[in-house]
Amino acid sequence: MSKSRTASRPSGFIRPLVHNLHAYVPGEQPKIKGLIKLNTNENPYPPSPKVLRAVQTAVDGRLRLYPNPTAEKLRAKLAKLHGCKPENIIVGNGSDEVLALAVRAFVEPISEGRIPRVPNQKQPGTRGACPSETVQYFTPSYSLYPVLADIHGAAKNAVPLKSDFSTPSVAELKRGQQWNFNAALTLVTTPNAPSGRGYKTAELEKLCRAQKGVVVLDEAYVDFANENALKLALKYPHVLVARTFSKAYSLCFQRVGYFVGHPELIAALDKIRDSYNVNGLGQIAAEATLDDLKYYRVNFKKIIATREWLSRELTKLGFRVLPSQTNFIFAKPPLFPAQVWLQKLRNQKILVRWFRAPEVSDYLRITIGTPVEAAALAKTAWAILR
Ligand SMILES: *Cc1c(COP(=O)(O)O)cnc(C)c1O
């Protein structure tokens, strides 16, 4: 194949790294009437009426103006909530954006000439890659992490969780020899996705203490969990906690997420951030959310109650449902392969998520919807099994 940049071959203009990328695969957003959508962990309850009003009121001629470039008011409110300073916080266009910023700020791309030709291929540990070039994470966890590493041209060190999706202890990680305690960036989804498993803060602290590079604790689902690890971001200079308004605060559409951490790390991330990365309506919606947290706390309780109800019902039907500390459950269905269940449920207008990766392909990930949606799922599953 010629490398010449000719107009007849547009691919010649594209960097080889980009040409070979496999983009992140988001859950489907189909527009099917009457669909029960349990595939992307969206909150089944709408934002608070006060949030809707705040956004509606803001939609006028002011849309011509640039928003506050540093989400100043939102950061002040978040600082108050978390007992820290605004300098401890950076807001992004969803937490996906701040995760991407972390890769760009803390990890060196693999030096010229050593970039793997097929970036998404399974890499055997970090052999050949320097720790400074390594993004490290457990598998399974958030499937965006390897994509972010590939986009940056960084090395990936994907280390398996234990078979019950718990994290290996520091001693086990040392013995296993695949884990890299010097990795520039380690990303931990806690509670875990897609398994729903929660991790103890004491455990996470041991891991953080053993790491020499930056550790991001991605707490996208933490409002549905028993504990959170936010204090670690305020205690250790190399620990960042990622939070999002998407899942627990019913605000996926507005794209607002943030990091809490040491002011020097936050300042570094701030340097490479787009000037107006958080849109104005998103800032307004997030600020109004923080003014009405009691509305959301009621929803957390409802979702947790529905989660426990659905877990019991599916267990009765023969599903192996893992204990969850999130707004979804991860369950191994009986009788048919999980991929077949995906299709059978879809035929009945219920959409859940299935991942092809071998370590999770026996499972369905089911978002917790309303009690009515959960009952419909249980009833449909019963009918499929009859
Ligand atoms: C949904 C999710 C995110 C992304 O959240 P946004 O703020 O919507 O970008 C980050 N991490 C995990 C583990 C998630 O499941």
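Residues numbered from 1 in each chain as written. Predicted model: local features only at pLDDT ≥ 70, side-chain atom pairs only at ≥ 80, totals over all residues. Heavy atoms only, no water.

### Observations regarding the site of the ligand
Logical step 1: Taken together, Gly94, Ser95, Asp96, Tyr142, Thr189, Asp218, Ala220, Tyr221, Thr244, Ser246, Lys247 and Arg255 are the residues near the ligand.
Logical step 2: A distance of 2.6 Å separates an oxygen atom of the ligand from a polar atom in the backbone of Ser95.
Logical step 3: Isolated, the ligand exposes 390 Å² of accessible area, and the fraction of that covered by the protein chains is 93%.
Logical step 4: Along the lines of polarity and charge, the residues of the shell around the ligand split into three nonpolar, five polar and four charged. (Near = heavy atom within 4 Å. Polar contact = N/O pair within 3.5 Å; in protein donor to acceptor, adjacent residues only side chain to side chain. Areas by Shrake-Rupley, 256 points an atom, 1.4 Å probe, with all protein chains shown as cover. Nonpolar A, V, L, I, M, F, W, Y, C, P; charged D, E, K, R; others polar.)

### Observations regarding the domain arrangement of the protein chain
Logical step 1: Along its sequence, the protein chain is carved into domain 1 (14–47 + 294–385) and domain 2 (49–291).
Logical step 2: On a C-alpha basis, the centres of domain 1 and domain 2 stand 23 Å from each other.
Logical step 3: At the junction of the two partners, domain 1 supplies 33 residues and domain 2 supplies 38 residues.
Logical step 4: Carbon and sulfur atoms supply 64% of the area that domain 1 and domain 2 bury against each other, a total of about 2,900 Å² over both sides.
Logical step 5: Here domain 1 and domain 2 share zero salt bridges between them.
Logical step 6: Applying the counting criterion to the domain 1 and domain 2 interface returns eight residue pairs in polar contact (both at pLDDT 80 or more).
Logical step 7: Listing elements by their share of the side of domain 1 that touches domain 2, those giving two or more residues are helix 11 (293–316) and strand 10 (328–332).
Logical step 8: The residue inventory of the side of domain 1 that touches domain 2, partitioned by class, reads 19 nonpolar, nine polar and five charged. (Domains from an automatic or database assignment. Contact = heavy atoms within 4.5 Å. Buried area = accessible area lost by both parts, 1.4 Å probe. Salt bridge = Lys/Arg side-chain N within 4 Å of Asp/Glu carboxyl O. Helix = DSSP H or I, 4+ residues; strand = E, 2+ residues; numbered from the N terminus.)

### Examining unusual backbone geometry
Logical step 1: The residue after Thr139, namely Pro140, is reached through a cis peptide bond having omega -5°.
Logical step 2: Take Pro140: it is sitting in the loop between strand 3 (134–139) and helix 5 (144–152).
Logical step 3: At Asn41, a position not held by glycine, the phi torsion is positive, near 60°.
Logical step 4: Here Asn41 lies in the loop between strand 1 (36–37) and helix 2 (49–58).
Logical step 5: Within the chain, Arg255 stands out as a residue other than glycine whose phi angle is a positive 60°.
Logical step 6: Within the element layout of this structure, Arg255 appears in the loop between strand 7 (239–244) and strand 8 (257–260).
Logical step 7: Residue class for Arg255 comes out partly exposed when judged on its relative accessible area of 27%. (Buried < 20%, exposed > 50% of the residue type's maximum accessible area, 1.4 Å probe, protein only.)

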